[in-house]
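Observations on the three-dimensional arrangement
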Amino acid sequence: MNILLKRVLDRLVRIGNLKVTGPKGSTVVFGDGSGEPVHMHIKTAHAERAITFDPMLAVPEAYMDGELDILEGGVLGVMRIAFQNMGSGGIDATWSKAIEGLRHAFRRLQQINTASRSRRNVQRHYDLSGDLYRLFLDEDMQYSCAYFEQPDMTLDEAQAAKKRHIAAKLRLKPGQTVLDIGSGWGGLGLYLAKAFDVDVQGVTLSTEQHAVATDRAHAQGLESHVHFELKDYRELNERFDRIVSVGMFEHVGVNHFRTFFDKSATLLKPDGVMLLHTIGRSGVPWATSAFIRKYIFPGGYIPSLSEVMPAIEKSGLVVTDVEILRLHYADTLKHWSQRFAANRDKAKAIYDERFCRMWEFYLAASEAAFRWQDLVIFQIQIAKKNDTLPMSRDYIGKCEKALEMRDMGHREKAPAAAKPARRRKVADK
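I will try to describe carefully the structure that is included in this document. The residue count restarts for each chain, going from 1 along the sequence in the order it is written. Local features in this predicted model are restricted to residues whose pLDDT is 70 or higher, and side-chain atom pairs enter the listing and the counts only when it is 80 or higher, whereas totals over whole chains, interfaces and linings include all residues. Heavy atoms from the whole structure form the basis of all side-chain values; hydrogens and water molecules are not counted.

1. Overview of the overall build of the protein
Numbering of helices and strands runs from the N terminus; a helix is a DSSP stretch of H or I covering at least four residues, while a strand is a stretch of E covering at least two. Tallying secondary structure elements over the protein gives 17 helices and eleven strands in all. Note on exposure labels: buried denotes an accessible area under 20% of the residue type's maximum, exposed denotes more than 50%, and partly exposed covers the range between, all computed with a 1.4 Å probe on protein chains only. Residue burial in the protein is summarised as follows: out of 429 residues, 56% are buried. Only heavy atoms matter for contacts: two residues are in contact if any of them lie within 4.5 Å across the pair. Long-range pairs, those at least 24 residues apart, make up 73% of the contacts in the protein with a sequence separation of at least 6. Working definition of accessibility: Shrake-Rupley area with a 1.4 Å probe, residue cover restricted to the visible protein chains. Surface exposure of the protein reaches about 18500 Å², of which carbon and sulfur atoms provide 53%.

Below is the structure:
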């Protein structure tokens, strides 16, 4: 192991049990020996040099390329030791801090998300084969944080609870119109239409998700009530009683927060309500993970609440409720990782070994960030007027309970649901 990397790890790893085997076969142990052991093997001098100077990007790249193996503890174990030792302030090495500082300083240049660029960014991730996502998501293909009302919930139960939780905060009434910004595979929009007899328009930039969602609406006989469009939200001109956006705001970019909320204000009727569900930071603003930005979500940015609130205030909208979901996404990602691992051979058949290693790192590192760093979920309820919603939050729990009873009744009566038609594989990025 080169002396610079050894010094970095000596300073970083104060707690934990980390063994690192270098390219020449020698093994060095770091930490106080506590906790589950983790053993990394850096197989090439190239990977060792890269990790020394830019570990937050070079470690996942070396793992993807097979230049680094994790012999014990897995990716989650590696990230646990890293995050528990460095907290949210980054690695304690001058050059590494300088690199991360530059990424933070130039984050706005990385998030110039025009309509055309946003479409390209979405295609990089969400237009991957739908068969890939079916390997690890729940039956309804909810690709966002689940809501674990009870710790022993299954993934499908927790995703159903998430839909109820969001629906309750929208305070829906029959006949209303709902806009779903970033409608995914259509599950939330279809649920709202069935549960509340509302008309839903979903917009997405993903051709794969749009096709699957449209097929599902037709298969469920809801095409007259739920319509999905391949369109940027900035192109819309209609007005809606309700707006919901789940897992889309992370792709807006800090440069466009004001645009997002200004547009939402024009799309919302005077007595309208909006629910924004997004990944956020409980700490100070910081740059997006270099690995996530380069390989998983180009153009993406995870904001602090201090960056979101000013944009809402300037739009003239009223924040009526803020809820922080803390470890719910960590548990969601744990389920996804387990399901992906169980279906790894199928994922490899769709793509290749490098893709599987990239996806494993993405899921595990994301879980670690929610468990041991500052990532959380913001659920921000917004209205045009401050007297649109009840003065207490009691209505949310009452609505959720009524929806749960309704869902249980439907499960008991309904035959086994037909799975959505499988679509052609989209070319690998």
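That shown, we press on.
2. Considerations on the pattern of salt bridges
Salt bridge, as applied in this entry: a Lys or Arg side-chain nitrogen positioned within 4 Å of an Asp or Glu carboxyl oxygen. Per the stated rule, a full pass over the model turns up 27 salt bridges. A salt bridge links Asp65 to Arg354, with the nearest nitrogen and oxygen atoms 2.7 Å apart. Here Asp65 is found in the loop between helix H3 (55–64) and strand E4 (68–72), whereas its partner Arg354 is found in helix H16 (residues 353–372), with 289 residues between them in sequence. Classification of Asp65 as partly exposed rests on a relative accessible area of 41%. In this structure, Arg371 engages Asp331 in a salt bridge whose closest nitrogen and oxygen atoms are separated by 2.9 Å. On the criterion of sequence distance, the pair formed by Arg371 in helix H16 and Asp331 in helix H14 (residues 328–342) is long-range, its members being 40 residues apart. Here Arg371 falls in the partly exposed class, since its relative accessible area comes to 26%. For Asp331, a relative accessible area of 27% puts it in the partly exposed group. The structure contains a network of salt bridges with shared partners spanning Lys43, Asp69, Arg344, Lys348, Glu353, Arg357 and Glu360.

3. Observations concerning the packing of aromatic side chains
The pairing test for Phe, Tyr and Trp rings, Trp by its six-membered ring, is centres within 6.5 Å, and the orientation test on the planes gives stacked under 30 degrees, edge-to-face over 60, and tilted for anything in between. For the coordinates displayed, the defined rule picks out 25 aromatic pairs. With 5.4 Å between their ring centres and 50° between their planes, Phe249 and Phe261 make a pair best called tilted. Taken together, the residues Phe249 in the loop between strand E8 (240–246) and helix H11 (257–267) and Phe261 in helix H11 connect sequence positions twelve residues apart. Overall, the relative accessible area of 0% leaves Phe249 in the buried class.

4. Some words on the pairing of strand E1 (residues 18–21)
Where E1 meets strand E2 (residues 27–30), four bridges bridge the pair, whose relative direction is antiparallel. Its bridge partner being in E2, Lys19 is matched across the sheet by Val29. When DSSP locates at least two bridges between a pair of strands, those strands are taken to pair. Between E1 and E2, which follow one another and run antiparallel, lie five residues, and Gly25 among them has a positive phi close to 100°.

5. Looking at the sheet that holds strand E11 (residues 375–383)
Ordered by their spatial adjacency, seven strands build an open sheet running E7-E6-E5-E8-E9-E11-E10, and the pairing between neighbours is mixed. On the outer flanks of this sheet lie strand E7 (226–230) and strand E10 (318–325), each paired with one strand and no other. Between one strand axis and the next, the sheet turns through 15° on average, direction left out of account. Note on geometry: axes are lines fitted to C-alpha atoms, helical ones only across the stretch in contact, with angles between N-to-C directions running from 0 to 180 degrees. Set on the sheet, helix H9 (residues 187–196) makes contact with strand E5 (177–181), strand E6 (199–204), E7 and E8; between it and E7 the angle comes to about 155°. Set on the sheet, helix H10 (residues 207–219) makes contact with E6 and E7; between it and E7 the angle comes to about 160°.

6. Considerations on a nonpolar patch on the surface
Patch members must show over 30% relative accessible area and no salt bridge, and they are joined within 9 Å when carrying like charges or within 5 Å when they are nonpolar side chains of Val, Leu, Ile, Met, Phe, Trp or Tyr. There is a patch of nonpolar side chains on the surface, built from Ile3, Leu4 and Phe53 and spanning about 270 Å² of accessible area. Inspection of the secondary structure puts Leu4 in helix H1 (residues 3–12).

7. Notes on the packing of helix H4 (residues 74–86) against H16
Closest axis-to-axis distance for the H4/H16 pair is 9 Å, and the angle between their directions is 35°. Viewed along their axes, H4 and H16 form a crossing whose handedness is right-handed. From H4, Val75, Leu76, Met79, Arg80, Phe83 and Gln84 reach across to H16, where they touch Phe361, Ala364, Ala365, Glu367, Ala368, Ala369 and Trp372. Here the nonpolar group is Ala, Val, Leu, Ile, Met, Phe, Trp, Tyr, Cys and Pro; Asp, Glu, Lys and Arg are the charged ones; every other residue, Gly included, is treated as polar. A breakdown of the residues in the contact of H4 with H16 according to their chemical character gives ten nonpolar, one polar and two charged. By definition, any crossing whose near helix is turned counterclockwise from its far helix by less than a right angle is left-handed, and any crossing with a clockwise turn is right-handed.

8. Notes on the environment of Arg80
Locating Arg80 in the fold gives a position in helix H4. In the structure, Arg80 is positioned 64 residues away from Gly16 in sequence and 9.0 Å away in space, judged by C-alpha atoms. Not counting the four nearest positions on each side in its chain, Arg80 is found in contact with Glu36, Val38 and Trp372.

9. As for the sheet that holds strand E3 (residues 38–42)
On the basis of which strands lie adjacent, the open sheet formed by four strands has the order E2-E1-E3-E4 and mixed pairing. The sheet is open, and its two borders are formed by E2 and E4, each paired with just one other strand. Between one strand and the next, the sheet's axes are offset by a mean angle of 20°, whatever the strand orientation. As defined by bridge partners, E1 adjoins E3 across four bridges and the pair is classed as parallel. If you follow Lys19 over to E3, its bridge partner there is His39.

10. A look at the environment of Val38
On the secondary structure map, Val38 appears in strand E3. Residues Val38 and Lys19, spaced 19 residues apart in sequence, show a C-alpha to C-alpha distance of 6.2 Å. Not counting chain neighbours up to four residues away, the residues in contact with Val38 comprise Asn17, Leu18, Lys19, Glu72, Gly73, Gly77, Val78, Arg80 and Ile81.

11. Here's the deal with the nonpolar core
Each nonpolar core is a collection of buried residues, namely Ala, Val, Leu, Ile, Met, Phe, Trp, Tyr and Cys, held together in the definition by side-chain atoms within 4.5 Å. In this structure, Tyr143, Phe291 and Trp359 are the most contacted members of the largest nonpolar core, which totals 77 residues. Element by element, the count of residues in this core is highest for H16, at twelve residues. Beyond its immediate chain neighbours, meaning those up to four positions away, Trp359 contacts His125, Leu128, Leu132, Tyr133, Phe136, Tyr143 and Phe340. Ranked by size, the runner-up nonpolar core spans 29 residues in total, among them Phe260, Leu276, Met309 and Val376.

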